[in-house]
Structure formats: structure tokens, C-alpha cells
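# Understanding the architecture of this molecule
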Amino acid sequence: MPKNPDTTAITAGRGPSASLAPGLWPSTVWESSSLTDATQRATSLRSGEFYSRFSNPTVSQLEQAVAELEGAESALAFGSGMGALASLVLALCGQGSHIVAQNNIYGATLSFLQGPCARFGIETTFVDPAVPGSFAAAVIPGRTMLVLAETPSNPRLTITNLAELGAIKGPFTVVDSTMATPTGQRPLDFGVDIVLHSATKGIGGHNDALLGVIAGERDLLNDIWSYSVMHGASASPYDALNALRGIRTLAVRTERQSKSALTIAHALQAHSSVKDVFHPFLESHPQHDLARAQMRHGGSIVAVELDGGFAECNAFVQKLELAHIATSFGGPETLVCHPATSTHAGLSKEALDAVGVTAGLLRFSIGLEDADDLVIDITNALSR
Ligand SMILES: *Cc1c(COP(=O)(O)O)cnc(C)c1O
């Protein structure tokens, strides 16, 4: 039966057990009945009940849930979003490989591509995701192995056209969909090969699980699995359990957060000391129509550019009573960060300018507090 994603969040990843809550399997190792049985377990693909770096029943349940949410044949979980990204890149690329990635990609992804990848002879071309055709134009036939996008992007919420990306043939196309969450958009429906999430954010949703996931075709994920057992960025069953609990409320949390985020974005727009506000579903967003066409909701992030720089931002955030000064997003509490000096602190002035991370830019992760309370808190702090 075709289901609304909100229903899938409730039904996904149920194992054969009659228990309505997932089982926790902390075991790292399983016993074999004979040496032949041991060989069978050691050599089978994504072998269950062998050794937890290969597979774990609680982690498998999370993988099943994410696969169902993303409309994928299969999913793989990792110890973090970066664990997922690094495993994927190192599994699919080799010396001389070429990657096309967007210029405003997640900070650690950028560092990984420019650091270890470059050192191992994997070259990356960075493109502007807002320019139509930019990804396809940078593909070098026969050499480009991966096309890497992140939509919406951090922190200015640039949108990549998923249909355009999905139409690229040859290299594997990958979308980091962390900011949208699986109930916000489904990149695989647009022909994209792999969707990636830092499940530390919206999927886990409670700031208590460090996880990454990828989803796509079974054969491709099995190939990545064969490498990732050596890479060892395996997901913890304790964290997987927390994320499975998080998924049950994913739809209601993201719907509420996205709605509040848009309310707050409108309130910020109306304030005189605000220079610019960014949210995918805001009418003023340059890619508003595209965002509405490919996303079910606009997400929980609002970026705001204040008149002034670091000092003005610092004075403002100190006056907030509800929002916590913290990185990350997708949890119950509203958070605020100053990207130029936190998430993007490693970038040069030129690199910051190139991706629009100015000294006056703040990023809010809207939580589950009452939206009117948040508007009052934020506008009061701005006015003081
Ligand atoms: C947080 C994040 C990551 C990295 O995930 P970790 O779980 O912190 O390793 C990757 N991409 C995006 C968009 C993120 O927000």
C-alpha cells in the first residue's frame, strides 16, 4: 500500500519481533555452531550475527527504517555523518578519480575533500549549485566518480535542483539531505543514486545520538559495505536505538519545526536591524519555487544577516533567553550559532566570502518551543 511519509515514519524498520519498541543488541560478537558455520558468517555479505563491525541487529533495524523512509532498496548506518561520507568516498574513488562538489558544502566535507582526498590523488572541482547545469558541466567523462551536492546547504540554504542532478549519468550522484530530513524531501525519487544524512541531526532529533546513514540501490550499498567494514566507522547500537525512537516522531517534529521556522523568518524580515533572512520557503528566497517543488517542508534552519558584524551578533545572542548558543541542529531546543567563527572557522576570508558566510550572519536551528514564544524572544533581543 502506498503510504504518506508521515505514516512510514511510524511503520518503518519494524523487525519480525512482536515488540513495538526496537530491541537493543549491545553484543559485539555471536557464537557459531561449527567452524563451517563460522566461515559462512565471516564470508557472507553484510553478515548478521557475526561481529558488530560487519552488522548489528539494532543497527540493521535503523538501516531498514531509513531505507523505507527514503524509498530505497537498502541503507547503511555509520558512526557519524562524516563516517558515512568518508566511507562512501573512499569506497568509490581511487587515485586519479575526480569529484564534482558544490562550493558551499558542509565544512568537514570540504576539509575532507581538500585534505585527505587531495593527498590520495582524488581531485575535486567545486561548482556553484545555484547555477543551472553547473554540476553536469564539471563532469569529466570516465574520470568523475562522484557528484556531491548538499541541499538545502549550510548556512545560507541554497537549493540544488534534484531533477537536474538525478539526470547526470556516468558518475554516482550523492545528495547530503541532512537539512531536509527524509520527511522533507526524497532525492532518490529524482534519480539521485545515494542520499546521505548526518542522523545526528533531525533523524535522531534529540541531541543524543551520533550517526550517519546512506541509502540507495542494494548492489551499490553492498559494494560500499565491503569497504566500510575495513574503514570501521560503524554505528553504535545504543545510538541506533535512540535514532529509531527519534524516527517515530520525525514527521511531527519536522512539520512543527519547519512551520515555526517560517513564522520566525517572516518576523525577522519585518525587523529594522535585519539585513536579510534565509529560509527555503520564504517568498524572497531566490530559489523559492524550486524549493517548493522538490521539498515537502522548508526545514528547521533560518539564517539571518544582521546589520553589523561579530560584536552585534554576540550582543544579540547574549540577550536571547530561549535559544542556546550551540552548533548542530534538528533537536528539540532552539539553537543559534555564528557560522563564520564556529562551523566555518577553518575557512579563509576569501573562502568565507565565496560562500556568503559574512560576519553578520547567524544560523538558527528552530526547536519545538512555541513559535510565538520564540518570536517574542528573538524580537525582544533584537530591539534591546
Ligand atoms: C552535521 C553534518 C554532517 C556531519 O555529520 P556528523 O554526524 O557530525 O559527522 C554532514 N553534513 C551535514 C549537512 C551536516 O549538518
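Residues numbered from 1 in each chain as written. Predicted model: local features only at pLDDT ≥ 70, side-chain atom pairs only at ≥ 80, totals over all residues. Heavy atoms only, no water.

The grouping of Glu73, Glu217, Asp219 and Asp223 at the surface amounts to a negative patch. Within the fold, Asp219 resides in helix H8 (residues 218-231). A residue is classified by how much of its surface remains accessible, and Asp219, at 59% relative accessible area, is exposed. (Patch = residues over 30% accessible without salt bridge, like charges linked within 9 Å, V, L, I, M, F, W, Y side chains within 5 Å. Areas by Shrake-Rupley, 256 points an atom, 1.4 Å probe, with all protein chains shown as cover. Salt bridge = Lys/Arg side-chain N within 4 Å of Asp/Glu carboxyl O. Lys, Arg positive; Asp, Glu negative; His and termini not counted. Charge placed at Lys NZ, Arg CZ, Asp CG, Glu CD. Helix = DSSP H or I, 4+ residues; strand = E, 2+ residues; numbered from the N terminus. Buried < 20%, exposed > 50% of the residue type's maximum accessible area, 1.4 Å probe, protein only.)

In this structure, the largest pocket occupies an estimated 310 Å³ of space. In this structure, the largest pocket is lined by 24 residues; those nearest its centre are Arg46, Ser60, Glu63, Ala75 and Leu76. Counting only elements with at least two residues in the lining of the largest pocket, the list comes to helix H3 (57-70), strand E1 (74-78) and H8. Residues of the lining of the largest pocket, tallied by class, amount to 11 nonpolar, 8 polar and 5 charged. (1 Å grid on protein atoms, 1.4 Å probe; cavity = no way out; pocket = protein on both sides within 12 Å on 5 of 7 lines; lining within 4 Å. Points joined across faces, edges and corners; volume = space filled by probe spheres on them. Nonpolar A, V, L, I, M, F, W, Y, C, P; charged D, E, K, R; others polar.)

Our focus in this paragraph is the nonpolar core. By size, the foremost hydrophobic cluster in this structure holds 34 residues, and its most contacted members are Leu88, Val89, Ile99, Ile194, Ile214 and Ile224. Elements supplying a minimum of two residues to this core: E1, helix H4 (81-92), strand E2 (98-102), helix H5 (107-119), strand E4 (144-150), strand E6 (194-198) and H8. Take this core: its biggest share by element is 6 residues, from H4. Each of two domains, domain 1 (5-248) and domain 2 (250-383), supplies a minimum of three residues to this core. Those residues in contact with Leu88 that lie beyond four places of it in its chain are Val174, Ile194, Leu196, Ile214 and Ile224. If you look at the next biggest cluster of nonpolar residues, it comprises 30 residues, including Phe316, Val336, Ile366 and Leu374. (Core = buried A, V, L, I, M, F, W, Y, C linked by side-chain atoms within 4.5 Å. Domains from an automatic or database assignment. Contact = heavy atoms within 4.5 Å.)

Overall, the coordinates contain 2 cavities of 30 Å³ or more when judged by the stated rule. The volume enclosed by the largest cavity comes to roughly 60 Å³. Taken together, Thr178, Met179, Thr181, Gly202, Thr254, Gln257, Ser258, His297, Gly299, Ser300, Phe329 and Gly330 form the lining of the largest cavity. In the lining of the largest cavity, the residues fall into 2 nonpolar, 10 polar and no charged. Both domains that meet at the lining of the largest cavity, namely domain 1 (5-248) and domain 2 (250-383), each give it at least three residues. When its volume is computed, the second largest cavity comes out at roughly 40 Å³. As for the second largest cavity, its lining consists of Leu85, Ile105, Thr109, Leu148, Ala149, Glu150, Val174, Asp176 and Leu196.

A separate point is the side chain of Thr334. Tracing the backbone through its elements, the reader meets Thr334 in the loop between strand E10 (324-325) and strand E11 (335-337). Its relative accessible area of 1% is what places Thr334 among the buried residues. At 2.7 Å, the side chain of Thr334 and the side chain of Glu369 are in polar contact. When neighbours within four sequence positions are excluded, Thr334 is seen to be in contact with Leu322, Ala323, His324, Phe364, Ser365, Ile366, Gly367, Glu369 and Leu374. (Polar contact = N/O pair within 3.5 Å; in protein donor to acceptor, adjacent residues only side chain to side chain.)

Applying the stated criterion across every chain, the model contains 4 aromatic pairs. A centroid spacing of 5.0 Å and a plane angle of 90° characterise the contact between Phe50 and Phe54, whose relative ring orientation is edge-to-face. With a centroid separation of 6.2 Å and an interplanar angle of 70°, the aromatic rings of Phe316 and Phe364 are classed as edge-to-face. Of this pair, Phe316 sits in helix H12 (residues 310-319) while Phe364 sits in strand E12 (residues 361-365), and the two are 48 residues apart along the sequence. We note that Phe316, like Phe364, is buried. A network of ring pairs unites the aromatic residues Phe50, Tyr51, Phe54 and Trp225 as a single cluster. The ring of Phe120 carries the charged tip of Arg119 above its face, separated from the ring centre by 5.0 Å. (Phe/Tyr/Trp six-rings, centres within 6.5 Å; stacked < 30°, edge-to-face > 60°. Lys NZ or Arg CZ within 6 Å of the ring centre and 35° of its normal.)

Read these as layout, nothing more, since geometry by itself doesn't imply function.
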